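Remarks on the overall topology
Here's the letter readout for the chains.
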Amino acid sequence: NPLEQDFLKGLLDSAFGYIESLKSKTKANIVERIDGLSREASLRKEKMKEEDIQAVIADEMGKAKSHMAAIAESESTKLRNLGHMMDISRVAADLGDADPTVFFVVFRDQSTCKECIRLHLMPDQTTPRLWKFSQLKQGYHKRGEENPSAFGLHPHCRCTLTYLSQGFGFEDGKLKYMSENFDAFSRQK
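Everything in this summary refers to the structure shown in the same document. (Residues numbered from 1 in each chain as written. Predicted model: local features only at pLDDT ≥ 70, side-chain atom pairs only at ≥ 80, totals over all residues. Heavy atoms only, no water.)

1. Remarks on the nonpolar core
Counting residues in hydrophobic clusters, the biggest one holds 23 residues, and the most contacted among them are M85, V102, F133, L136 and L161. Only α2 (50–94), β1 (101–105), α3 (114–120) and β3 (160–164) provide two or more residues apiece to this core. With five residues, the top contributor of residues to this core is α2. Beyond its immediate sequence surroundings of up to four residues, L136 is in contact with V102, F104, W131, P148, A150 and L161. Counting residues in each nonpolar core, the second largest holds seven residues, with L130, F170, F182 and A184 among its members. (Core = buried A, V, L, I, M, F, W, Y, C linked by side-chain atoms within 4.5 Å. Buried < 20%, exposed > 50% of the residue type's maximum accessible area, 1.4 Å probe, protein only. Helix = DSSP H or I, 4+ residues; strand = E, 2+ residues; numbered from the N terminus. Contact = heavy atoms within 4.5 Å.)

Right, dumping it as structure tokens:
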């Protein structure tokens, strides 16, 4: 639909902006560092060494590759969760749920960050923390903020936004149907 197309265009424009910025920054860093090598060689009355130039280019391209991976990861997480947001919005609208209750499925292992645990899990670190759709930030998350971003907390965030239907809740961290009028969000807050 047109709204989804506008969202997607905005996300693609944003990603393109980050990539263009990275390209400009990398180019400027290479030029600045090679210019510095040139001045140093000139002061020593020597020629610049080709291997020094190649080392600068390799170093800056390595940094750019790392930054590009972070951009790709971050934008992929954002797109994945935006897709989930759109699906949740459609399902919730069909059910007459104006402000759906959501949670994040947390991929828990040694790489799970403290910020994801803090915002996506209850203090027992097993039960998902519930949020209303309206409580989620629609931009990038900054460590320490009290509400999570719908787009993920960081570039390598593996947590996935999920809808909690009315009547469902958690028992020992596992999703379970409780009763028709059960409101897990109210009980958790």
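2. Looking at a negative patch on the surface
A cluster of acidic side chains, namely E40, E50, E51 and D52, defines a negative patch on the protein surface. Top contributing element to the negative patch by residue count: α2, with three residues. Within the secondary structure, E50 sits in helix α2. For E50, a relative accessible area of 57% translates into the label exposed. (Patch = residues over 30% accessible without salt bridge, like charges linked within 9 Å, V, L, I, M, F, W, Y side chains within 5 Å. Areas by Shrake-Rupley, 256 points an atom, 1.4 Å probe, with all protein chains shown as cover. Salt bridge = Lys/Arg side-chain N within 4 Å of Asp/Glu carboxyl O. Lys, Arg positive; Asp, Glu negative; His and termini not counted. Charge placed at Lys NZ, Arg CZ, Asp CG, Glu CD.)

3. What about the sheet that holds β3?
Strand order in the open sheet formed by three strands is β2-β1-β3, and the pairing between neighbours is antiparallel. Two strands bound the open sheet, and with one partner strand each, they are β2 (131–132) and β3. Strands β1 and β3 of the sheet are contacted by α2, whose axis makes an angle of about 10° with β3. (Pairing = 2+ DSSP bridges. Axes fitted to C-alpha atoms, helices over the stretch in contact; angles between N-to-C directions.)

4. Let's talk about the pairing of strand β5 (residues 174–177)
Relative to β5, strand β4 (residues 168–171) is paired through four bridges, and the arrangement is antiparallel. Within the sheet, the bridge partner assigned to E171 lies in β5 and is K174. The antiparallel pairing of β4 with β5 creates a hairpin that spans two residues between the two strands, and D172 there sits at a positive phi of about 55°.

5. Considerations on the packing of helix α1 (residues 2–43) against α2
Geometry of a packed helix pair, given as the angle between the helix axes and the separation of the axes. One can describe the packing of α1 onto α2 by two numbers: an axis separation of 10 Å at closest approach and a directional angle of 170°. Classified by the angle their axes make, α1 and α2 are roughly antiparallel. Looking at the contact of α1 with α2 residue by residue, the class counts come to 20 nonpolar, four polar and ten charged. (Parallel < 35°, antiparallel > 145°, perpendicular 65-115°, else oblique. Nonpolar A, V, L, I, M, F, W, Y, C, P; charged D, E, K, R; others polar.)

6. Brief notes about the side chain of T101
Summarising the element assignment, T101 is placed in strand β1. The class for T101 is buried, based on a relative accessible area of 8%. Within the structure, T101 has its side chain in polar contact with the side chain of K132 (distance 2.9 Å). Residues within four places of T101 in sequence aside, it is in contact with L130, W131, K132, T162, Y163, L164 and F185. (Polar contact = N/O pair within 3.5 Å; in protein donor to acceptor, adjacent residues only side chain to side chain.)

7. Things to note about the pattern of salt bridges
Per the counting criterion, the structure on display carries 16 salt bridges. Note that R158 is salt-bridged to D109, the shortest N-O span being 2.9 Å. A residue pair is termed long-range when its members are at least 10 positions apart, and R158 in the loop between β2 and β3 and D109 in the loop between β1 and α3 qualify at 49 residues. Several salt bridges share partner residues, and in doing so they unite R33, D59, E60 and K63 into one network.

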